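# Residue-level structure breakdown
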Amino acid sequence: MQEPLAFRIRPKNLDEVVGQAHLVGPNSFLRKSLEKKALFSFIFYGPPGTGKTTLAEAYASSMGVHFCRLNAVTCSKKEMEVAVEESKLWHPTILIMDEVHRLDKTKQDFLLPYVEDGSFFLIGATTANPYVSLSRAIRSRCRILEVKPLSEAEVIQGLERAIEHPKGLHGSPKFAKKALKYIAKLSGGDMRYALNILEEAAVQFSEKKEVGEDDVKEVERVPNFASDKDEDEHYDSVSALQKSIRGCDVDAALYYLARLCSAGDLDSIKRRLLVTAYEDIGLGNPQAVMRTQLAIQAAEQLGFPEACIPLGDAVIDLCLSPHCRVGADSIENTMAFASSRPFYIQDYLKYMPVNVQEKDKYPYDRPDVWARLQHLPDEFKDMEFFLKDDKSTSSYVKALNARYEELKKQGRSSDLAGLKAKKPE
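Reference entry: report on the structure contained in this document. (Residues numbered from 1 in each chain as written. Predicted model: local features only at pLDDT ≥ 70, side-chain atom pairs only at ≥ 80, totals over all residues. Heavy atoms only, no water.)

Look at helix α15 (residues 266-281) against helix α17 (residues 308-320): their axes get within 11 Å of each other, and the N-to-C directions meet at 20°. Here α17 runs roughly parallel to α15, going by the angle between their axes. Of the two possible hands of crossing, α15 and α17 adopt the one that is left-handed. Within the contact between the two elements, α15 uses L266, I269, L273, A277 and I281 and α17 uses L311, A314, V315 and L318. (Axes fitted to C-alpha atoms, helices over the stretch in contact; angles between N-to-C directions. Helix = DSSP H or I, 4+ residues; strand = E, 2+ residues; numbered from the N terminus. Parallel < 35°, antiparallel > 145°, perpendicular 65-115°, else oblique. Left-handed = near helix turned anticlockwise from the far one by under 90°. Contact = heavy atoms within 4.5 Å.)

This is the structure we're talking about:
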């Protein structure tokens, strides 16, 4: 039984790599490294199927040096020790580590001294953001190189290469251009996914002289997109959803919501919609915030696929509502101030004040005094932490601003005894 098509035609050197011109093209980092025979340790970071491991092996082969390959998910410390011993026999040696983000801290620390002294050069491949998933010590010793999704044209180029490659389809069957374009469109920039569809179609329609677009549709109709909750593209979709709502782009917000619904990640959707409602819409439309909470409750009760309906309503509501960040900005500003200095609370505000005369005790029975009493410490009694939004079109925000100004004009005092001495109006 032969290996998968993607494995059989894997590029043997950098010249055979499809796409990634920023890494393998003229004047690129890898090309300069190859020309000068200067080895480095680095981490390839990018979505699945974009050629990270392929690039690593092609680079090692182009350099003409010994390399060994391990997978962080399955390799043991003993296997890593064997790789170290190999590096003593063949120098220089490149250690290619797939899924490098899966290495626990102990294994990452084990690699450090060997990467440090050049015993071997580490090339890691990961779909997870290395600035989050890898230790700072590893990152400081490796250059981070982003591997990008392939364009449709690049995927088509790779498919055409696979069709003609002696170890690929070897020219049979042929594929119509529309069929290749359809596969490229489905792939989402994932070359391995595209090659798998190509191979399945080639097997299923091996008797045909030319495989058409309709034939490919019988093999696969569902596009390839990130649906793994642990992948960075998933979190990028979550981030894009919030930013789209913030930018009042209802079409984009619905698209990213649909991606997340397709992934079935209700927990991420609930959390993101709720924080977006309070942070970006907030006081601009408190009713929309409440409706979002009700939509989330309905989604929980319904489950997918019906949960998409109330969630879609909430996204449209939030996008097209008046926005106001007064609440979020005000508390963030206040937290930054409060955490930077000590504070003092007046005796009349304390829960159980000691040795305080009756005239200086908080008047629970005098609502006329409450709004005239100074509550901030004397050191910054005139500080304004509420960040007014005078440009808001929300009638509710305008009412809040008016009330705020009214209270400011009225003034506040720490002379509690004097305030209590005045008769209620």
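The sheet built from 5 strands is open, its strands ordered β2-β3-β4-β1-β5 with parallel pairing. If you trace the sheet from one side to the other, it starts and ends with β2 (66-71) and β5 (143-146), each paired once. Along the sheet, successive strands turn relative to each other by an average axial angle of 20°, direction set aside. When strand β1 (residues 42-45) meets strand β4 (residues 121-126), the two strands line up parallel, connected through 4 bridges. Residue pairing for β4: I43 is matched across the bridge by G124. Against the sheet, helix α5 (residues 77-89) engages β2 and β3 (93-98), with an angle of about 175° to β2. (Pairing = 2+ DSSP bridges.)

Tracing the chain through its elements places E85 in helix α5. Using a relative accessible area of 44% as the deciding quantity, one classes E85 as partly exposed. (Buried < 20%, exposed > 50% of the residue type's maximum accessible area, 1.4 Å probe, protein only.)

A separate point is the nonpolar core. Membership of the largest hydrophobic core comes to 29 residues, with the highest contact counts inside it found for L159, F175, L195, L198 and V216. The leading source of residues in this core is helix α11 (residues 191-204), at 7 residues. For V216, the contacting residues outside a window of four places in its chain are F175, A179, Y182, I183, I197 and V211. (Core = buried A, V, L, I, M, F, W, Y, C linked by side-chain atoms within 4.5 Å.)

The next thing to look at is the packing of aromatic side chains. Scanning the model with the defined rule gives 11 aromatic pairs in all. One aromatic cluster is present, formed by F29, F40, F42, F44 and Y59 through successive ring pairs. When the ring centre of F29 is taken as origin, the NZ or CZ atom of R143, which lies over that ring, is 4.0 Å away. (Phe/Tyr/Trp six-rings, centres within 6.5 Å; stacked < 30°, edge-to-face > 60°. Lys NZ or Arg CZ within 6 Å of the ring centre and 35° of its normal.)

Position of S330 relative to the elements: it lies in helix α18 (residues 326-338). For S330, a relative accessible area of 9% corresponds to the buried category. S330 has contacts with R325, F385, F386 and L387, leaving out every residue within four places of it along the chain.

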